[in-house]
Amino acid sequence: MRRRKICVVTGTRADYGLLYWLMKMIQDDAELELQIIVTGMHCSPEFGLTYKIIEEDGFFINEKVEMLLSSDTPVGIAKSIGLGVIGFADALARLRPDFLVLLGDRYEILAAAQAAMVAKIPIAHIAGGDTTEGAYDELIRHSITKMSHLHFVTNDAAAKRVRQLGENPDYIFNVGSPGIDQIKRLKLLTREQLEKELDFKFLSRNLLITFHPATLDSDCPAEQFRELLKALEILGNNVGLIFTKPNSDTGGRSLIRMIDDYVATHSNAKAYTSLGQLRYLSTIAQVDAVVGNSSSGLYEAPSLKTPTVNIGERQKGRLQASSVINCQPKMDEIVQAIRKSFLIDCSNVVNPYGDGESSQKIVTVLKEIQDPEKLLKKHFFEVS
């Protein structure tokens, strides 16, 4: 019997971490054939050529879709999307998968969805239905939902929103976040091991900082990030600072330059282009708080019992655990929120994004669908 071909697209270090166990389970299943397309930041020397990490993990990469221009202006991003559509059209024509698996809401994934739609390849979308009102990822996510045929959502509220978009309720599956699968299965590094891996000495208090441009905000990302840096100055040199650099979004390169300048003059701070999942999750477990506006502060940090200081509106509307402290990108509010995070007890926090079995649930559905091609003609299901 022919194995069903499942093609997974990954464009960033973050989505690869979420997809790892799904890819592993597909690879190990005798009824399935794993195909992998890497794109975006994975293929960029500027962002660490992180496709090499995927290969080091034992995966074979079938296609590389180069699409990033050396510009993060709106014009540059729009042109990158166009290049991505062209590259994915060629890659999918060669691979002809039975399902294309896409996660999330980035513009690289939008390019893949557009190419698959006209190629009549069924799309299985993970994490649709969430809301993040501060970034155009919000619009991309809902657009991909309408181009998709299977919907693996992370919570009940997201399932309801996908249903409101007219999708067939029989093909909406609440599986939780696959990011928790990693936490459940990885053996994290000890503090001593992590210090050696990072070449960083933890201090009495420590923060993990990831701040991406909020692409729909009227305020300049650099101005918002400057408020964060001013807040860190007030906290003083006895707080260790671990920066992970932002994605290739509009305005991201200015933030990278600001991080490099800050780290160069502060002995308590270090910056990393990519930590990889083991080091990143181990760092979350060891620091006193996760600070910034990354989805990992909402998805993964609660499972590691670490508080999150969520700055601004990039994640506005997303389901949150009780360990998340929200503040505006203003120096005094950020300082107050970080100090509050040092005091709260997160030992009994419940993560609202599932139980760490998402990947197995997704694989089961991908195998059980009798005829993927029959999914292509979609009916709009009205909400009564």
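See the structure printed just above.
Residues numbered from 1 in each chain as written. Predicted model: local features only at pLDDT ≥ 70, side-chain atom pairs only at ≥ 80, totals over all residues. Heavy atoms only, no water.

J.: Hey, could you run me through unusual backbone geometry in this one?
T.: Across the chain, the bulk of peptide bonds are trans and the bulk of non-glycine residues have phi less than zero. For Leu49, which is not glycine, the phi torsion reads 45° and is therefore positive. Topologically, Leu49 is positioned in the loop between β2 (32-39) and α2 (51-56). The phi angle at Lys305 is positive, at roughly 60°, despite the residue not being glycine. Following the sequence through the fold, Lys305 ends up in the loop between α12 (296-299) and β12 (308-311). (Helix = DSSP H or I, 4+ residues; strand = E, 2+ residues; numbered from the N terminus.)

J.: What's the story with helix α3 (residues 74-95) in this structure? I'm lost.
T.: The periodicity of an α-helix, 3.6 residues per turn, causes residues three or four places apart in sequence to face the same way. In this model α3 runs 31 Å from its N-terminal to its C-terminal C-alpha over 22 residues, within 8% of the 32 Å that 1.5 Å per residue would give. Looking only at α3, the buried set comprises Gly76, Ile77, Ser80, Ile81, Gly84, Gly87, Phe88, Ala91, Leu92 and Leu95. Looking straight down α3, one finds its buried side chains confined to an arc of 140°; they lie on one side. For α3, the exposed residues lying more than 90 degrees away from the buried face are Val75, Lys79, Ile86 and Ala93. On the buried face of α3, the contacting elements are β1 (4-10), β2, β3 (63-65), β4 (99-103) and α4 (107-118). Once α3 finishes, Arg96 follows within two positions and takes phi at roughly 45°, a positive value. (Expected span 1.5 Å × (residues − 1). Buried < 20%, exposed > 50% of the residue type's maximum accessible area, 1.4 Å probe, protein only. Arc of directions from axis to C-beta. Contact = heavy atoms within 4.5 Å.)

J.: Help me understand the pattern of salt bridges in this model?
T.: It is possible for side chains of opposite charge to pair when their charged atoms get near one another. Applying the stated criterion across every chain yields a total of 23 salt bridges. Between Glu46 and Arg253 there is a salt bridge, with its nearest N and O atoms 3.0 Å apart. Here Arg253 lies in helix α10 (residues 252-264) and Glu46 lies in the loop between β2 and α2, a separation of 207 residues in the sequence. Note on Arg253: relative accessible area 14%, which makes it buried. Lys361 is the partner of Asp355 in a salt bridge, and the nearest nitrogen-oxygen pair spans 3.6 Å. According to the relative accessible area criterion, Asp355 is partly exposed, its value standing at 42%. (Salt bridge = Lys/Arg side-chain N within 4 Å of Asp/Glu carboxyl O.)

J.: I tried to follow the nonpolar core on my own but got confused; where do I start?
T.: If you look at the biggest cluster of nonpolar residues, it comprises 38 residues, and the most contacted ones within it are Met23, Ile126, Leu150, Phe152 and Leu366. Contributions of two or more residues to this core are made by β1, α1 (13-28), β2, α2, β4, β5 (123-126), β6 (150-153) and α14 (358-368). Sorting elements by how many residues they give to this core places α1 first, with 9 residues. (Core = buried A, V, L, I, M, F, W, Y, C linked by side-chain atoms within 4.5 Å.)

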